[in-house]
Amino acid sequence: MSIQVDHVTKRFGAFTVLNDVNLHVQEGELVALLGPSGCGKTTLLRILAGLERPDQGRIFLQGTEVTDQRISERRVGFVFQHYALFRHMTVADNIAFGLTVLPRAQRPSAARIQEKVHDLLGLVHLQAMADRYPSQLSGGQRQRVALARALAVEPKLLLLDEPFGALDAKVRKELRRWLRRLHDNLHVTSILVTHDQEEALEAAHRVVVMHQGNIEQIGTPDEVYENPATPFVYQFLGDVNVFHGRIAHDRILDKEAGEPLSADADASDQREVTFVRPHDLELSLSRTTPTQLEATVQFLITAGARVHLELASKEFSEIIAVELTKERYRELKLQQGDVVFVHPKQLQVFRMPSPLTVKS
Amino acid sequence: MNVSSAIADRDVEWKDSITTESTFVRRLLISAAFLYLTLFLFVPLAAIFAEALKGGLAAYVGSFLNDDALAAVRLTLLVAAVAVPLNAVFGVAAAWAIAKFDFVGKQVLISLIDMPLAVSPVISGLIYVLLFGAQGWLGPWLLEHDIKIIFALPGIVLATIFVTVPFVARELIPLMQSQGREEEEAAITLGASGWQMFMRVTLPNIKWSLLYGVILCNARAMGEFGAVSVVSGHIRGLTNTMPLHVEILYNEYNAVAAFAVASLLTLLAIVTLIAKTMIERKTDSYNRRKMQA
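Residues numbered from 1 in each chain as written. Chains lettered and ligands numbered in written order. Predicted model: local features only at pLDDT ≥ 70, side-chain atom pairs only at ≥ 80, totals over all residues. Heavy atoms only, no water.

This part is about the overall build of chain B. For chain B, the helix and strand inventory stands at 14 helices and 0 strands. A burial count over chain B gives 38% of its 293 residues as buried. Here the contacts in chain B between residues at least 6 apart in sequence split such that 72% fall between residues at least 24 apart. Here chain B has roughly 16700 Å² of accessible surface; of this, 69% comes from carbon and sulfur atoms. (Helix = DSSP H or I, 4+ residues; strand = E, 2+ residues; numbered from the N terminus. Buried < 20%, exposed > 50% of the residue type's maximum accessible area, 1.4 Å probe, protein only. Contact = heavy atoms within 4.5 Å. Areas by Shrake-Rupley, 256 points an atom, 1.4 Å probe, with all protein chains shown as cover.)

Written out as structure tokens, the structure reads:
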């Protein structure tokens, strides 16, 4: 089911949670709403489900306006962060709930419901747990029951509110891959709310990055990661080094790496901020170009697939984070205290209003 | 002695040394508590049954089997049968509103529910006399239309409802607040109607606390004296509830009968306590399960 969010605004008291949000989701897509807590992503999801009403704007599902439609008429499946399983019902009864509340005329026979529950239990790999109560399951199992329960009513739209947020890292990783595979089989339009950038980039076809009630960028995981549209997206998606001002201009930017700033851009009310990802910084032991930044290795973390370094430079107050492959690290034979020369392979410059001139 | 039991022993000693007193102090405190409860609770309770059975079993049974006593029992049961269901429904509705919705005046509503506990029962009764009595605000109008509230069944029921309002609601509000709205929201997104959601999700989650509140409410409704005394008019065989009947008998120096009827109320209290304990056990294990869910 395609989704059209049209100029939706929502306020809680004086606080604007969603500020004139527009979004289009195509049928069969798996879209992630990504942002820090309080950015409005959960509110947008709840508005799509019908659990909240927008103050302004309209919602279309499959081209039909549903802004004033009741939840039960929208045919959406909703998966809650804390599962919201019915604690007094067995796993099988939980999954069957949506079918047993159907009006008698539409309700499948008891045997048919049982069969369907059995199929869904197979889908989420919990056949052996049918007669258990939610309290007897692990967090990951509970969330799979919640998903099966939402799928039982054959929703045209699946909404997942931080579904793996309460689980530990390993289970979370397994479940999001499983969810992606499940989606590839079922093709039900799905929206996944998460604050975990890795989860969004790994599971979704498209990522919607949200910040303070606004959509900052919409794109495929590659697009938002490689070409962040705003400084916020750059910082939210992965680690980043931020260089401010003239020194960055002289030192970090050289003609090969990024486009040099034109002279007139250096207006007094604009501030240049340069963003470089840790793995886009190249190190060498001797100076090869005059613009390279000289720095000292302060700290090394060698455990893991990649080597993480923290460098200190006289020209910047902040620590510079660098990520190297194991091979490169072995070539350089770096140790704490070594002097290195830093050169960015890729960077991005944003011009932002200078905080010093905001008053004028 | 192997290593693990040595460690276990030391653990026990260590725990003993900081969390409990010496054996002597411990025994002293426990005996003091028992002595106090025996003197002030058990002895009077035992005295009721001793006094009631003083004249023999025949006199004891005879105390109930007369028209006035039976009328009092019937009236008490009738009042409870009206007041308790009404307050159960109101309690669920109020707790639902307070726990699941945000609205202006929520704190005022919570305070209002607690008011009958803060007000003396005599005043609770007087309120109705001032409202519906012959000299009250609505008295003349009621008289004109020949509607009897004070010194009649409606007044007794009203006073009882007033006094027993808080019991169910207070039991449910904290529970429903801690349970949150998510399960109800899940039921709605799965297509349940409001009624289906209440019957299949909300009610099963609160049933033990609801029953607990109803039992406390019932005990108070049957045992209420002050408020009912003010509005009843003490008409024998008509407006006397069991507690009022006990008072009348006692004032007539009919101690055996008074204590016999009192023993019935005491039995009710004991049954209530047993039921309460059993339900508490149920809710405890239920809440433990809930915490994990």
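Attention shifts here to the interface of chain A and chain B. Counting residues at the interface gives 23 residues for chain A and 21 residues for chain B. Together chain A and chain B conceal approximately 2200 Å² of surface at their shared face, both sides included; 58% is due to carbon and sulfur atoms. Three residues, Arg87, His88 and Val101 of chain A, lead the burial of chain A against chain B; their summed loss comes to 31% of the area buried on that side. Counting across the interface, chain A meets chain B through 2 salt bridges. In this structure, Arg46 of chain A and Glu185 of chain B form a salt bridge, with 2.5 Å as the shortest nitrogen-oxygen distance. (Buried area = accessible area lost by both parts, 1.4 Å probe. Salt bridge = Lys/Arg side-chain N within 4 Å of Asp/Glu carboxyl O.)

A regular strand places its side chains so that they alternate between the two faces of the sheet. Residue and element names in this part refer to chain A. Here strand E6 (residues 76-79) shows no split at all, with Val76 and Phe78 on one side and Gly77 and Val79 on the other all buried. One ladder, built from 4 bridges, connects E6 with strand E7 (residues 157-161); its direction is parallel. Bridge assignment links Val76 to a residue of E7, and that residue is Leu157. (Pairing = 2+ DSSP bridges.)

Let us look at the nonpolar core. Residues Val5, Phe97 and Leu159 of chain A are the most contacted members of the largest nonpolar core, which totals 63 residues. Those residues in contact with Phe97 of chain A, other than ones at most four positions away along the chain, are Phe86 and Met89 of chain A together with Ala187, Leu190, Ala192, Arg200 and Val201 of chain B. Counting 47 residues, the second largest nonpolar core, distinct from the first, contains Tyr83, Ala92, Val145 and Ala200 of chain A. (Core = buried A, V, L, I, M, F, W, Y, C linked by side-chain atoms within 4.5 Å.)

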